[in-house]
Amino acid sequence: MEAILKSDLQAKDTHAPAKSALFWRPTAQTGLVSWLTTVDHKKIGFLYGVFALFFFLVGGVEALLIRLQLMYPNGTVLTAQQYNTMFTMHGTTMIFLAIMPLSAAFFNFIMPLQIGARDVAFPRLNAFSLWTFVAGAVIINLGWFMHDGAPDGGWVGYAPLTSKTFAPDHSIDMWVMGLQLLGVASIAASLNFIVTIINLRAPGMTMMRLPVFTWMTLITAFLIVLSFPFITIALVELMMDRLFGTSFFEVSNGGMPILWQHLFWVFGHPEVYILILPAMGIVSEILPTFSRKPLFGYPIVVFSGASIGFLGFSVWSHHMFTTGMGTMATAAFALATMAIAVPTGVKIFNWIGTLWDGRLSMRTPMMFALGFVWMFMIGGFSGVMHSAAPADAQQQDSYFVIAHFHYVLIGGSLFALLAGIHYWFPLMFGRKVSEFWGKLSFWVIFAGFNITFFPMHFLGLNGMPRRTFTYDSNLGWNAANYIATIGALILGVGIFIYFAVMVYTFLKGEKVGKDIWDARTLEWSLPNPPPEYNYRVIPTVHARDAYWYNKQHKAEIAQEEAEHAKAEAAHGGIHMPHQSIYPFVASLGLFIAAIGISVIDHDPSPGFWGKKIGISMIGGVVMLAGIYFWALEGNEGYHLHPDDEGHAPTDKKAAQH
Amino acid sequence: MRLSSLLTSTARWGRAGFALGALALLSGCDYNFWRMDGHQSTIKVAGPVARSQLEVFYVTCWVTLVIFILVGGVLAYATLKFRAKTEAEEKAVPPEQGHGNPFIELGLIGASVLALVIIAIPTLEGIWYTYDVPEDRKADTYEITATGYQWWFKFEYPSEQIAGTGALTTGNELVIPAGRPVRINIRTVDVIHSFWVPKLAGKVDMMPNRANFLWLQADEPGYFWGQCAEYCGDSHAVMRFRVIALSPKDFADWVAQQTSPARNVTPKPGETPKAQFASLRTFKQNETGITDKYDVAPLEAWKAKQFPEKDENAALIAQGKTLFVAKTCASCHEVRGHGAAGISGPNLTHIGSRSMIAAGLIENNAEQLQRWIHDPGSVKPGNKMAKAYIDNNIKLTNEEEVALVAYLQSLK
């Protein structure tokens, strides 16, 4: 192994100067180029976060428009078509462009730090994931600026409503290609995380010593790798139906619309856990830190996370109880769905066990984490109600479902992600959000959220179907809808306070030292913000809550680190990957190709260089060029020799060999 | 730092004020949403299928409520009990670093499984009961076929055959016999729709290429609200229908009336066409088409529609009858016996006897009917009639609209 590494890479290194004429090695540390070419997992994580928060605000505006339309019966804020576009884009945006990338931001930024690594396994692939995600997000939203409009087929895009017959314009094509790119991005990123977690753990960081957030990252990554191929297939089939007249879902030629639902939900249900497991991981970090004791029943929390992952693949048809599956299939999926409540319940028990006998500091991250436990519990209970298939026949596609999954996705995922931002903010930026403003935003968000979504349970039981742009005043829905809209406005104010304070803190907040929460996991052993190489000396892990252990055994750890530092220096210092523009070029190629496929009209006169095919081919060429240059530029990297205080030499060229 | 303590106490007051404000907000509105007794309530049910589904729901409700109180109680207690009250307490020596207790874990897992078994048993019973008509009731079952179109419902009665035309066909108002199980075949001609009458039964989707069905039964005669429950395009929200359950005798009368051809009205000699209502006013976007009078006693309103209006103008009706064919209405709509045999739109042979038009959206009266045929696209965005007007360059004058309305109203 060592022989291979040495012979190959070292040999190439000696020829490095000859290459530099052809391959551009960007070295910019600031400015646009530095962001486009970065391979640093922390910068990429930060960019994921920024994009996610931008789209979170876009999705939030869409949500407010939806609520304003429904504030009064027979509302006239939006037309039917605008309303349908709003809820389609709200769902698509929040799931794929807000919650998922926000989780990815934490995977990128925090996970390598937690396992004592200096970067992810494939830094350039990581950059490619980021830019491909951005390309997909842009394509999905392109319709706002076009005559065809943004997609309006619902976020589930049920066939045959998305077929050329019922949706002849390009909006669905953009939805298809956008999601396809997001799938590429997610799968590439997840493979990267899996390899990183399995291979780049610090010495002594055994699997059963991994921080729970890293465990949930690993499980989520596996879920993405296993579930996204299903939606990829579904989207390819839909694209072929729309572009080439195939008949996968085309009823008139014997296609099966039900096939779309099975493929979509085999992806879609694991997707639910892709959204919630990272949140559970974050909460499982915050509760022990602020209770100042270890997580209660760590192995059970980990295994219940894994079994949620497994069971998540066996319950997809509970989204289809009303499609007429027959008694046996309905019963089987109902029971499987109930079974998944057990590992989920176990997590809640263990979180409460963690609090028990602890010493709880009620700081802002803790408030959000406790809010998560409460709200997720309510969302879980309404989930159990859905698993009872006969009851679900009344609840399915009603506002009861809307209430349920917003309790899981806002009260669950989003609360945990907001908690995570507060929790890790001091580590990421060396500044801390004021407790007052943090808690104020929590209470406003908490109140607004419940005022919005709790009445929706009643609306659903009172027969209000979802995805309806209007309703009459005689159905008993007026008061609940009015309250929900007021709640949504309060929630909007809360989110505004949250982010206004965040931006203020980023620029001018109180500066803090390292480890302000007296935390338990390795990332807190780093100075803030962490240096580009993360760990000057790769840490050695002795216990599950590694940093907590280190703090109890300072003398031994210091001695150990000194020895390891010497050994690393003897090996040539800290090995760092080069920046590279080629991942961005490859993503750009994908973007151009996707534009060609989705937006450009069919050339009426068929020919090889038709506009549509031509642009798609150009995109393909750009992508291939990016990939080949990326492969041929090599991965030799450079070395850093930080001094004892951790200051790296400023001139990279000098350190290069 | 002093400022922050001031702000903290402000926050405490703010929180209290906020809670009070929320209470005021709640008490300001009417409380009807807690009662959940609307026309589409799944709680105030009117038939055995919906009742069985409601009973399962109540089981899940009680089980989860008990668990919520227990778990929530412990969580609230732990949060209050173990809270560090001062900054000094936060920084004090950490508590014992316990890692958990496998016996507690196993006990709680066992308890959760038990709770789920309590839910699972009625769930399984309910799945089989609600799926199809029970064996002992099969002989008494009445069969109907419901077909979804963008954005209306067609209802066919295979046991009521009409010589020369086939099964009795109506639209958007499903009339059923009360006290009898009704088995409904669920079909679609275009996209996925869903058949949902909350007070009678949970929904079943109308899937292309799939022979779905459901059963329901209305205990008593009554008038029930239904709505498409699967997103099906632009006008999904206004794809509604009604179910009217009648006593056996009323039902037989209704069948007899519906199976007869469309009503003919002969003008008296010398009668001139004269409108019986005010000319069209302008309607707001999405303006409701339902009056309080109808809403108070909808079944009575429906029954009143079964008889010819007193102030009919036969000459006007005759004019409308001619226009119905001349303006190509007949190419999409059927009026049996009047030479109109279109099939892509609802069957209008007895449209005058329905309480609602435009798929359960607006009341079937002269004003709303004229609103509908004057500009169908504004009532129901994207619908085929609006498109047909444009494609075939159909333009109606006010007089023509009035005549058509009178004609359609006469089709009892």
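Here goes a summary of the coordinates provided. (Residues numbered from 1 in each chain as written. Chains lettered and ligands numbered in written order. Predicted model: local features only at pLDDT ≥ 70, side-chain atom pairs only at ≥ 80, totals over all residues. Heavy atoms only, no water.)

### Describing the pattern of salt bridges
Step number 1: With the rule as written, the count across this model stands at 30 salt bridges over all chains.
Step number 2: Between aspartate 132 of chain B and lysine 138 of chain B there is a salt bridge; the shortest N-O distance is 4.0 Å.
Step number 3: A residue is classified by how much of its surface remains accessible, and aspartate 132 of chain B, at 17% relative accessible area, is buried.
Step number 4: Looking at lysine 138 of chain B, the relative accessible area reads 34%, which means it is partly exposed.
Step number 5: Of the charged contacts, one joins glutamate 135 of chain B and lysine 138 of chain B as a salt bridge, the two residues approaching to 3.2 Å between their closest N and O atoms.
Step number 6: Classification of glutamate 135 of chain B as exposed rests on a relative accessible area of 64%.
Step number 7: Among the ionic contacts, a cluster of salt bridges with common partners joins Arg292, Asp515, Asp518 and Lys551 of chain A. (Salt bridge = Lys/Arg side-chain N within 4 Å of Asp/Glu carboxyl O. Buried < 20%, exposed > 50% of the residue type's maximum accessible area, 1.4 Å probe, protein only.)

### Considerations on the sheet that holds strand E1 (residues 142-149) of chain B
Through backbone hydrogen bonds, the strands of a sheet pair up, either in parallel or in antiparallel fashion.
All names here are of chain B.
Step number 1: Strand order in the open sheet formed by five strands is E3-E2-E1-E5-E8, with mixed pairing between adjacent strands. Either end of the sheet is taken by a strand with one partner, and the two such strands are strand E3 (166-171) and strand E8 (212-216). When the angles between neighbouring strand axes are averaged without regard to direction, this sheet yields 30°.
Step number 2: Pairing of strand E5 (residues 182-188) with E8 involves five bridges; the strand directions are antiparallel. Note on E8: the bridge partner recorded for isoleucine 186 is asparagine 212. (Pairing = 2+ DSSP bridges. Helix = DSSP H or I, 4+ residues; strand = E, 2+ residues; numbered from the N terminus. Axes fitted to C-alpha atoms, helices over the stretch in contact; angles between N-to-C directions.)

### Things to note about the interface of chain B and chain A
Step number 1: Taken together, the contact between chain B and chain A spans 107 residues of the former and 114 residues of the latter.
Step number 2: Counting across the chain B and chain A interface gives two salt bridges.
Step number 3: Between aspartate 472 of chain A and arginine 240 of chain B there is a salt bridge whose closest N-O contact spans 3.0 Å.
Step number 4: Listed by contribution, the elements that provide at least two residues to the side of chain B that touches chain A are helix H1 (2-28), helix H2 (32-35), helix H3 (48-81), helix H4 (87-91), helix H5 (102-131), strand E7 (201-206) and strand E9 (222-227) of chain B.
Step number 5: In terms of residue count, H3 of chain B provides more of the side of chain B that touches chain A than any other element does, 17 residues in total.
Step number 6: Split into classes, the residues belonging to the side of chain B that touches chain A amount to 57 nonpolar, 31 polar and 19 charged. (Contact = heavy atoms within 4.5 Å. Nonpolar A, V, L, I, M, F, W, Y, C, P; charged D, E, K, R; others polar.)

### Focus on the side chain of glutamine 306 of chain B
Residue and element names in this part refer to chain B.
Step number 1: Take glutamine 306: it is sitting in the loop between helix H8 (298-304) and helix H9 (314-326).
Step number 2: For glutamine 306, a relative accessible area of 12% gives the class buried.
Step number 3: Side-chain polar atoms of glutamine 306 contact the backbone oxygen of tryptophan 302, separated by 3.0 Å.
Step number 4: Once you skip the residues sitting within four places of it in the chain, glutamine 306 turns out to touch Trp254, Gln257, Ser353 and Lys412. (Polar contact = N/O pair within 3.5 Å; in protein donor to acceptor, adjacent residues only side chain to side chain.)

### Some words on the nonpolar core
Step number 1: Ranked by internal contacts, the top residues of the largest apolar core, which has 293 residues, are Phe96, Trp260, Phe372 and Trp424 of chain A together with Tyr157 and Phe195 of chain B.
Step number 2: Take this core: its biggest share by element is 21 residues, from helix H5 (residues 80-114) of chain A.
Step number 3: In this structure tyrosine 157 of chain B touches Tyr142, Ile144, Ala167, Leu168, Thr170, Leu174, Val175, Phe251 and Trp254 of chain B, once residues within four positions along its chain are discounted. (Core = buried A, V, L, I, M, F, W, Y, C linked by side-chain atoms within 4.5 Å.)

### Structural notes on the packing of helix H9 (residues 257-291) of chain A against helix H12 (residues 364-387) of chain A
For any two helices packed against each other, the geometry is given by the interaxial angle and the distance between the axes.
Residues and elements named next belong to chain A.
Step number 1: Interhelical geometry of H9 versus H12 gives an angle of 130° and a closest axis separation of 9 Å. When the interaxial angle is binned, H9 and H12 end up oblique. Seen along the crossing, H9 lies across H12 with a hand that is left-handed. Facing Ile276, Ala279, Met280, Val283, Ile286, Leu287, Phe290 and Ser291 of H9, the residues of H12 in contact are Pro365, Met366, Ala369, Leu370, Phe372, Val373 and Phe376. (Parallel < 35°, antiparallel > 145°, perpendicular 65-115°, else oblique. Left-handed = near helix turned anticlockwise from the far one by under 90°.)

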